[in-house]
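Here is how the chains run, residue by residue.
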Amino acid sequence: MSKTTIVAQPGTQQIEISREFAAPAALVLRAFTEPDLLIRWLGPRRLTMAIDQFEARNGGTYRYIHRDEAGNEYGFRGVFHGTPSLDGIVQTFEFEGWPGHVALESMTFE
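Residues numbered from 1 in each chain as written. Predicted model: local features only at pLDDT ≥ 70, side-chain atom pairs only at ≥ 80, totals over all residues. Heavy atoms only, no water.

**Focus on the sheet that holds strand 6 (residues 89-95)**
In spatial order, the strands read 3-4-5-6-7; together these 5 strands make up an open sheet with antiparallel pairing. Of all strands in the sheet, those bounded by a partner on one side alone are strand 3 (48-54) and strand 7 (102-107). The sheet shows a mean angle of 25° between the axes of neighbouring strands, taken without regard to direction. Sheet topology places strand 3 next to strand 4 (residues 61-67); 6 bridges connect them, and they run antiparallel. Bridge pairing links F54 to Y62 in strand 4. (Pairing = 2+ DSSP bridges. Helix = DSSP H or I, 4+ residues; strand = E, 2+ residues; numbered from the N terminus. Axes fitted to C-alpha atoms, helices over the stretch in contact; angles between N-to-C directions.)

Okay, here's the thing in structure tokens:
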């Protein structure tokens, strides 16, 4: 099981989330960049996930959809900024149910 820490400083627009995994950084990177692995862990367990597009490269886009038991769909999309590597991943993230509200995510692997 992983340990998660969330820090949101008052007055800022940044949230820092730290997670610890009992796995090497290279394997965690693969879980974020290989579609077959990504669908196994991303999102709530009660939802299924399908990947519409996924290009883990500089300028590449992604789009995936979570579906609930009633058939409701929740789409998410973004663009990779730089090529994902052990140095990190930078990407945008947008929930299609709230268009125009785009977050910039930055991940590092240690």
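After that view, the rundown keeps rolling.
**Considering the packing of aromatic side chains**
Given two aromatic rings, one states the distance between the centres and the angle between the planes to describe the pair. Enumeration according to the criterion identifies 9 aromatic pairs in this entry. Aromatic side chains F54 and Y62 sit 6.3 Å apart centroid to centroid with 50° between the ring planes, which places their arrangement in the tilted category. The exposure class of F54 is buried, given its relative accessible area of 17%. Using a relative accessible area of 2% as the deciding quantity, one classes Y62 as buried. Within the aromatic cluster, the residues linked to one another by ring pairs are F54, Y62, Y64, F76, F80, F93 and F95. (Phe/Tyr/Trp six-rings, centres within 6.5 Å; stacked < 30°, edge-to-face > 60°. Buried < 20%, exposed > 50% of the residue type's maximum accessible area, 1.4 Å probe, protein only.)

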